[in-house]
Amino acid sequence: MSTGKKSKSKQKKINVRVDFTPMVDMMMLLITFFMLCTTLSKPQTMEISVPSNDKSIKDNDRSQVKASQAVTILLDANDKIYYFEGIPNYTDPHFLKETSYGANGIRAILKRKNVFAVQQKIDLDQKKLLRKINDAQYSKMLSDIKSAKQTPTVIIKATDQATYKNLVDALDEMQICSIGKYVIDVIKASDKQLITNLKNGTGGQPQQ
Amino acid sequence: MTPMSDVMVLLLTFFMLTSTFVKKEPVKVATPASVSEIKIPSKDVLSILVDKTGKVFMSLDKQTDLDATLSSMSDLYQTELTAQQKSRFIKDPVFGVPMKQMGQFLSVGSAGDREKLLKQAGIPCDSVNGQHSEFENWVIYAKQSNPYLKIAIKADAVTPYSIIKQVMNELQDIRENRYYLITSLKKLQEDKKQ
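The following paragraphs examine the structure supplied in this document. All of these numbers come straight from a predicted model, not from anything done at the bench.

### Things to note about the sheet that holds strand 4 (residues 97–99) of chain A
Residues and elements named next belong to chain A.
Logical step 1: An order of 4-3-2-5-6 is seen for the 5 strands of this open sheet, with the pairing classed as mixed. What marks the edges here is a single partner per strand, and that holds for strand 4 and strand 6 (181–185). Across this sheet, the average inter-strand angle for adjacent strands is 25°, counted without regard to direction.
Logical step 2: Pairing geometry for strand 2 (residues 70–76) and strand 3 (residues 80–85), over 6 bridges, is antiparallel. Bridge pairing in strand 3 places D76 opposite K80.
Logical step 3: Along the sheet, helix 2 (residues 106–113) contacts strand 2, strand 3, strand 4 and strand 5 (153–158); its crossing angle with strand 3, the most-contacted strand, is approximately 20°.

### Re the pairing of strand 3 of chain A
Residue and element names in this part refer to chain A.
Logical step 1: The turn linking strand 2 back onto strand 3 is made up of 3 residues, and N78 within it adopts a positive phi angle of 55°.
Logical step 2: Where strand 3 meets strand 4, 3 bridges bridge the pair, whose relative direction is antiparallel. Paired with Y82 across the bridge in strand 4 is E98.

### Re the interface of chain A and chain B
One frequent convention defines the size of an interface as the accessible area lost when the parts assemble.
Logical step 1: In this complex, chain A contributes 46 residues to the contact, which on the side of chain B involves 54 residues.
Logical step 2: For the pairing of chain A and chain B, the buried interface totals around 4900 Å² over both sides, and the portion due to carbon and sulfur atoms is 62%.
Logical step 3: In terms of surface lost to chain B, no three residues of chain A exceed Q44, T45 and Y164 of chain A, which account for 18% of the buried area on that side.
Logical step 4: One can count 1 salt bridge joining chain A with chain B.
Logical step 5: A salt bridge links D160 of chain A to K165 of chain B; its shortest N-O distance comes to 2.8 Å.
Logical step 6: Across the chain A-chain B interface, the total number found is 5 residue pairs in polar contact (both at pLDDT 80 or more).
Logical step 7: The class makeup of the residues in the side of chain A that touches chain B is 24 nonpolar, 12 polar and 10 charged.

### Side note on the packing of aromatic side chains
Logical step 1: Taken as a whole and judged by the stated rule, the model has 5 aromatic pairs over all chains.
Logical step 2: Residues F33 of chain A and F34 of chain A carry aromatic rings whose centres are separated by 5.4 Å and whose planes lie at 75° to one another, so their mutual orientation is edge-to-face.
Logical step 3: With a relative accessible area of 42%, F33 of chain A lands in the partly exposed category.
Logical step 4: Take F34 of chain A: its relative accessible area is 10%, and that puts it in the buried class.
Logical step 5: Centroid distance F14 of chain B to F15 of chain B: 5.3 Å. Interplanar angle 70°. Geometry classified as edge-to-face.
Logical step 6: Residue classification places F14 of chain B among the partly exposed residues on the basis of a relative accessible area of 42%.
Logical step 7: We classify F15 of chain B as buried; its relative accessible area is 8%.

Thresholds applied
Residues numbered from 1 in each chain as written. Chains lettered and ligands numbered in written order. Predicted model: local features only at pLDDT ≥ 70, side-chain atom pairs only at ≥ 80, totals over all residues. Heavy atoms only, no water. Pairing = 2+ DSSP bridges. Helix = DSSP H or I, 4+ residues; strand = E, 2+ residues; numbered from the N terminus. Axes fitted to C-alpha atoms, helices over the stretch in contact; angles between N-to-C directions. Contact = heavy atoms within 4.5 Å. Buried area = accessible area lost by both parts, 1.4 Å probe. Salt bridge = Lys/Arg side-chain N within 4 Å of Asp/Glu carboxyl O. Polar contact = N/O pair within 3.5 Å; in protein donor to acceptor, adjacent residues only side chain to side chain. Nonpolar A, V, L, I, M, F, W, Y, C, P; charged D, E, K, R; others polar. Phe/Tyr/Trp six-rings, centres within 6.5 Å; stacked < 30°, edge-to-face > 60°. Buried < 20%, exposed > 50% of the residue type's maximum accessible area, 1.4 Å probe, protein only.

Printed below as a string of structure tokens:
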């Protein structure tokens, strides 16, 4: 902060010190404002894609799932979750099994069904941890594992009484158990019959 | 003092550059937790807000898209809106009033009063006479105004599945087959612990 050389400095040098305090005050205020108004972390999402509803696509163009290889999960009210494997059997009331959300319930079952892919994913994760492969390779290999032939197909069906959380939890399990092929389907009367059968402990055919 | 104000300027710049403002939502939505770690895209998002009772609201992040969408919608439903009403619509963070009530709703001057009205409204999702529902039309026109728009559904954890199913079905009907579900992060519980 020199007053300049040209000025004939006969007069006393005035000490020009600008008071920064108001500026700092304002700065503090602005920072506080921005800190309170921002969302630093973006929310998490899960990406899903559903089959098209288009009537013009013929049924045989859609990818068909062999019923015998599919695991069907039924989500019901009060956080109840049921599952069955293969083609529904209406005569045996205990064909449909009740399980629970979380590690010991549905996850254990799906991991058992998908043991091959789960094992491969663990190996892959290990490789990634050791920096043997990069991210692009990792995601490619992971999708290969998930879409391999041996992996089961999971059909998720929710009753109207189930909640959104149930659906998200079920979708979550798909990710945890590295299941690549899953679909959210509409629940039919025949599926509800299975739940009724289990509750009553008797066999019963669905009414057509 | 100088180092301190230096740091402050730095902080201020940081916050100004990274900030995206919190959108004030008319309804409180507690999203379910998930282990998925995909982040939502930072722009071109059409978020669909579904509350516990099944009311549907929407928000767009670009004001130009909002403007274009509103014009198309008001043409379709033959709702004349003044410039002032339009600017109110664009400035509001979230929209979700049936088109029939749109004019009346946007005539309300204070933003606080509008928010109260908005809470009781919601976009109708039922289709009349096989036509597209209002919800579907909003999505269609929003997509038209910005083809890169991605759809994100933010629904409350306790929303009945029937409502989610309806929203998903309507999106399916208009061939929107890929979308995001907004969740909050949770850690994966290991099997051993239980």
